[in-house]
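# Summary of the model geometry
So the chains spell out like this:
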Amino acid sequence: MTVAPAVPEIVEEEIESAIESRNESLPSLRELGPPDLVHLVKRSVKSGGQQNGVYHHVTGTDASSSASLAAYVNTLIYAPNDKTQKVASGLYCCYNAFSRLDMRVEVKIPGGVESYCIDERGDKRVASDALWLETFLCGVLRAYSYADDGSGDSIRKIIGVRRFDPIMNTEVEHKFLEAAERLFFKGWQLGSDPEIQVPNLVSNHLTTGLMNYIHTTGRYTSGINLFEKLRTRDIEVSSLLARVLISADEEVQAIKLLHDAVSELPMDYSLLTCQAAFCQSKGRLDWALECAKRSVTAAPSEFGTWAQLAEIYVGLEEWDLALLTLNSCPMFTYQDKDAPRMPEPARVLLPILPDTMLDELDEPSQADDIELVHPSLRKLHAAGYRGTFLKAYSLLTEITSKIGWDQLLKIRSQVFVMEEEYRSEKQTGAPQQTSPNKNASTTALRAQSPSPGINGKAINHQGGKSEDEQDEEAPSDPGTLVGEGSLNGGPDSAIIDADRSIERPEHIVTSEEAKAGNEDPDPSHSTYTHFHNKRLCERWLDNLFMVLYEDLRIYTIWRTDMARSAADTSSPSSPNNTYHKSAEEWEILGELADRLHHNQEAVEAYQHCLRVRFSAKAMRGVMGWYEKQGRNGDVLQAMIRLIAWQYRWYSEFSPDLLRTVRKLIENEGAVKVRSIVQATSLPQSVLDLTHRYVELCATFRSSGSDG
């Protein structure tokens, strides 16, 4: 039996200040809510000992009743680890996102257990069985939502969170799916992923959690049974059922289902998106294009439909239409998950479980490492993109990786109005030509190259960020960075070479600038002869071009420095000139190469980082490369270390790592996977942590777990 992760303790300055902060934050919670809060009041065993308050957060505990939460608190009360203090009372807080109530279970020593709930005004209410059912479902969804993907990003966001697997066996799975069935048609109340503007029946946090669970565990039959029952109540569920059928390799049945559903709901964008994605996966981009166009027509205010259409145009190498479609995407402000807002603690205790100790995983304080990062690497704005901006930037970098920066600038100048021609044409006063139905959106949907018409303005859907906020996201003038010195602290020659090889993008006229009436004294001159077939670029897309320029510039400097260093090292007449970087810098460069779709260079940077010190993000990046190469033995070696690192930071559950283990077992068989793990020369306690993931796959009877 694998031991539970250690218990972190965040010590309060004032007792119960964490509870007060949670109470104050309840009205502002938007979606699933923060991780569960566990608060303890401890008293010294000495007579007259002083009391203090400690707390930590947790996900994945069974929140189906007050008894199960009280049981968790009791494991902390009677833990033999701390002999100098004893627990006087404990409080478990678990948020019910359906009813917007905070469920509370208070354990007093002595005095028994009291359960109740707190509403947004701070008033007490009675905790009913119906509320506990909602709370249980929310707890499982939060466990998947707040789980780490193996890179450590989620772990670093909130300090001191114990992450447990919420579904350890088929009995709990049955309870989870039954709760999901009963509450399915209320799922839209939970909100949705940041790329979705309006949550609906099939696009919300409940459906996201269900699909995540099904794909993580491979329990496709359970998912099919659930969605079959729900489909009899609402045909819109067909899109979810079709996606599970496709994953379960039941493609013929899925296509028949989609055909029947689309016949009844011809303008359901979820069904059309599913059809388009399937056609994409089969290489039939011509079929996918027609489905994607209809999907955009059905849901023009959703980012996902436009992004899929742009992705298909990229696959078809219709670069101009891909840019026009990208320009039409509705952009939303990124809303992060509900995170706990806690007062400054007196101190933080982060114990290490002996079973997870491994010398190579020890990470020194990164504070000094961050100070060594070159300023130009700290200013890469693309690293902070999330939600719709991240997806749009990924599409832009994919185009660049396929056609190159110079060709991208050429196409950009062909489809968007450039500042120089805009100002020169304003002075010529060309006669107006109008075509009121012509704009970037309709051009992309009709799959035609831009043709004569008015200077169509794409509707500004960005809705999230003001111009001032977007200006802050734009990088500083690239020209001002030329004299900063190379990334390795050497001469400027690499930067000069980079600036020569990467042309800085010219300024284009954005829709906001064109709409500013003070630049055009004559309203009749809204269309100009030399660019009447061009479009106005949205401000956010103009910023993405500048951010991409800076990414490419820094990447080129790095690769030039690396090549020069390698040449100097190999030359017998030159001194040994090793290319030095801190671990943090290598990690940033690896992420940079990943963003630009230079996979081999990303792995190279991550490997350099791992030679300096362990990094979960770098190890996750290298493991992904091993997976693509089919190097299963190397994948397992990376997996063992990532699982141990996760346990070290109180996480026994990562859906992404579990999914990878399951796929390895499907390909290699459980016996071979266990043998490779056991043959690794690491402490047995560390290997047992990976064995637990293998046993979990056997519990769910995953393919290959029998042999």
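Just so we're clear, the structure is a prediction, and the values are computed from it rather than from any experiment.

Turning to the overall build of the protein chain, a few remarks are in order. The helix and strand tally for the protein chain stands at 30 helices and nine strands. Looking at the protein chain residue by residue over its 707 residues, the buried ones come to 53%. If you take every contact in the protein chain between residues at least 6 apart in sequence, the share linking residues at least 24 apart comes to 73%.

On to the nonpolar core, then. If you look at the biggest cluster of nonpolar residues, it comprises 168 residues, and the most contacted ones within it are Phe176 and Phe227. Of all the elements, helix α23 (residues 539–570) adds the most residues to this core, at 13 residues. Every residue in contact with Phe227, bar those within four places of it in the chain, is listed here: Phe184, Leu210, Met211, Ile214, Val237, Leu240, Leu241 and Val244. Counting residues in hydrophobic clusters, the runner-up holds 24 residues, among them Val54, Val58, Ala70 and Phe164.

Residues Glu13, Glu14, Glu16, Glu20, Glu24 and Glu344 make up a contiguous surface patch of negative charge. Relative to the helices and strands, Glu14 is located in the loop between β1 (9–11) and α1 (17–25).

The next thing to look at is the side chain of Ser192. Considering the arrangement of structural elements, one finds Ser192 in the loop between α5 (170–183) and α6 (205–217). Among all residues touching Ser192, those that are not within four sequence positions of it are Glu31, Pro199, Ser203, Asn204 and His205.

Glancing now at the confidence of the model for the protein chain. Looking at the protein chain, pLDDT values average 84 and 82% of them are 70 or higher. In this model, residues 448–485 is a region of pLDDT below 50 whose contacts with residues beyond four sequence positions or in other chains number 111 contacts. Confidence over residues 517–530 falls short of pLDDT 50; this stretch has 28 contacts with residues more than four positions distant or in other chains.

Below, the discussion takes up the pattern of salt bridges. Inspection of the entire model under this criterion finds 36 salt bridges. For Glu627, the salt bridge is made with Arg620, and the minimal N-O distance between the two is 3.9 Å. Residues Arg631 and Asp634 are paired through a salt bridge, measuring 2.9 Å at the closest nitrogen-oxygen approach. Residue classification places Asp634 among the partly exposed residues on the basis of a relative accessible area of 29%. Among the charged side chains, a network of salt bridges with common partners joins Asp119, Arg121, Asp123 and Arg125.

This paragraph deals with the packing of aromatic side chains. Each aromatic ring pair is specified by the distance between its two centres and by the angle formed by the two planes. Tallied over the full model, the rule gives 13 aromatic pairs. The interplanar angle of 90 degrees and the centroid separation of 6.2 Å between the aromatic rings of Tyr144 and Tyr213 together place this pair among those described as edge-to-face. With a gap of 69 residues between them, Tyr144 in helix α3 (residues 129–145) and Tyr213 in helix α6 connect regions that are remote in the sequence. Each member of the pair, Tyr144 as well as Tyr213, carries the same accessibility label: buried. Ring geometry for Tyr385 and Tyr393: centres 5.6 Å apart, planes at 55 degrees, overall tilted. Judged by its relative accessible area of 5%, Tyr385 is buried. Put simply, the rings of Tyr144, Phe176, Tyr213, Phe653 and Phe700 touch in pairs and so form one group of aromatic residues. Stacked on the ring of Phe136, the Lys or Arg Lys175 has its end atom at 5.0 Å from the ring centre. Above the ring of Trp287, the side-chain terminus of Arg284 is found at 3.9 Å from the ring centroid.

A word on the environment of Glu503. Note on placement: Glu503 falls in the loop between α21 (493–501) and α22 (511–515). The exposure class assigned to Glu503 is partly exposed, which follows from its relative accessible area of 41%. For the pair formed by Glu503 and Arg553, sequence separation is 50 residues and the distance between their alpha carbons is 9.3 Å. Not counting residues within four places of it along the chain, the set of residues in contact with Glu503 comprises Trp405, Asp406, Leu409 and Tyr549.

Moving on to helix α11 (residues 285–298). Working note: α-helix, 3.6 residues per turn, so residues spaced by three or four point in the same direction. For α11, built from 14 residues, the straight-helix expectation of 20 Å at 1.5 Å per residue is met to within 8% by its first-to-last C-alpha distance of 19 Å. Residues Leu285, Ala288, Leu289, Cys291, Ala292, Lys293, Ser295 and Val296 constitute the buried set of α11.

We now examine the packing of helix α29 (residues 670–678) against helix α30 (residues 684–699). Packed helices, taken two at a time, are described by the angle between their axes plus the distance between the axes. Between α29 and α30, the shortest axis-to-axis distance is 10 Å and the interhelical angle comes to 170 degrees. Relative to α30, the element α29 lies roughly antiparallel. Note on element contacts: α30 touches α29 through Gln684, Leu687, Thr690, His691, Val694 and Ala698, opposite Val673, Arg674, Val677 and Gln678.

Let's shift gears to the pairing of strand β6 (residues 112–118). Relative to β6, strand β5 (residues 101–108) runs antiparallel, the two sharing seven bridges. Opposite Val105, over in β6, you have Ser115 as the bridge partner. Two successive antiparallel strands, β5 and β6, enclose a turn made up of three residues, where Gly111 displays a positive phi of approximately 135 degrees. As judged from the two bridges shared by β6 and strand β7 (residues 124–125), these two strands associate in the antiparallel manner. Its bridge partner being in β7, Ile118 is matched across the sheet by Lys124.

What follows covers the pairing of strand β2 (residues 36–44). Burial runs high along β2: eight of the nine residues are buried. Note that β2 and strand β3 (residues 51–59) share eight bridges and pair antiparallel. Note on β3: the bridge partner recorded for Leu40 is Val54. Taken together, the eight bridges between β2 and strand β4 (residues 85–96) define a ladder with antiparallel strand orientation. When the bridges of β4 are listed, Leu37 appears paired with Cys93.

The next subject is unusual backbone geometry. Even without glycine at this site, His597 takes up a positive phi of about 65 degrees. As for its position among the elements, His597 is in the loop between α24 (583–595) and α25 (599–612). Residue His597 is classed as partly exposed on the basis of its relative accessible area of 31%. If you check the backbone angles, Arg701 has positive phi at about 55 degrees while not being a glycine. Residue position: Arg701 is located in the segment after α30. Arg701 sits in the exposed class, given a relative accessible area of 58%.

The subject of this paragraph is the environment of Arg284. Secondary-structure assignment places Arg284 in the loop between α10 (269–281) and α11. Residue class for Arg284 comes out partly exposed when judged on its relative accessible area of 33%. With 28 residues separating them along the chain, Arg284 and Ile312 place their C-alpha atoms 9.9 Å apart.

Here we come to the state of the cysteines. Tallied over the full model, the rule gives zero disulfides. This cysteine, Cys274, is not joined by any disulfide, and Cys279 carries the nearest cysteine sulfur, 9.7 Å off.

Let us look at α6. The end-to-end C-alpha distance of α6 is 18 Å, a good match for the 18 Å that 13 residues give at a rise of 1.5 Å each. Buried residues dominate α6, accounting for 10 of its 13 residues. Taken together, the buried positions of α6 are His205, Leu206, Thr207, Gly209, Leu210, Met211, Tyr213, Ile214, Thr216 and Thr217. Of the surrounding elements, those touching the buried residues of α6 are α3, α5, α7 (220–231), α8 (238–247) and α28 (655–668). Its side-chain oxygen at 2.9 Å from the backbone nitrogen of Leu206, Asn204 defines the N-terminal cap of α6. Following α6 by one or two positions, Gly218 has its phi on the positive side, about 75 degrees.

The rules behind the values
- Residues numbered from 1 in each chain as written.
- Predicted model: local features only at pLDDT ≥ 70, side-chain atom pairs only at ≥ 80, totals over all residues.
- Heavy atoms only, no water.
- Helix = DSSP H or I, 4+ residues; strand = E, 2+ residues; numbered from the N terminus.
- Buried < 20%, exposed > 50% of the residue type's maximum accessible area, 1.4 Å probe, protein only.
- Contact = heavy atoms within 4.5 Å.
- Core = buried A, V, L, I, M, F, W, Y, C linked by side-chain atoms within 4.5 Å.
- Patch = residues over 30% accessible without salt bridge, like charges linked within 9 Å, V, L, I, M, F, W, Y side chains within 5 Å.
- Areas by Shrake-Rupley, 256 points an atom, 1.4 Å probe, with all protein chains shown as cover.
- Salt bridge = Lys/Arg side-chain N within 4 Å of Asp/Glu carboxyl O.
- Lys, Arg positive; Asp, Glu negative; His and termini not counted.
- Charge placed at Lys NZ, Arg CZ, Asp CG, Glu CD.
- pLDDT = per-residue confidence, 0-100.
- Phe/Tyr/Trp six-rings, centres within 6.5 Å; stacked < 30°, edge-to-face > 60°.
- Lys NZ or Arg CZ within 6 Å of the ring centre and 35° of its normal.
- Expected span 1.5 Å × (residues − 1).
- Axes fitted to C-alpha atoms, helices over the stretch in contact; angles between N-to-C directions.
- Parallel < 35°, antiparallel > 145°, perpendicular 65-115°, else oblique.
- Pairing = 2+ DSSP bridges.
- Disulfide = S-S within 2.5 Å.
- Polar contact = N/O pair within 3.5 Å; in protein donor to acceptor, adjacent residues only side chain to side chain.

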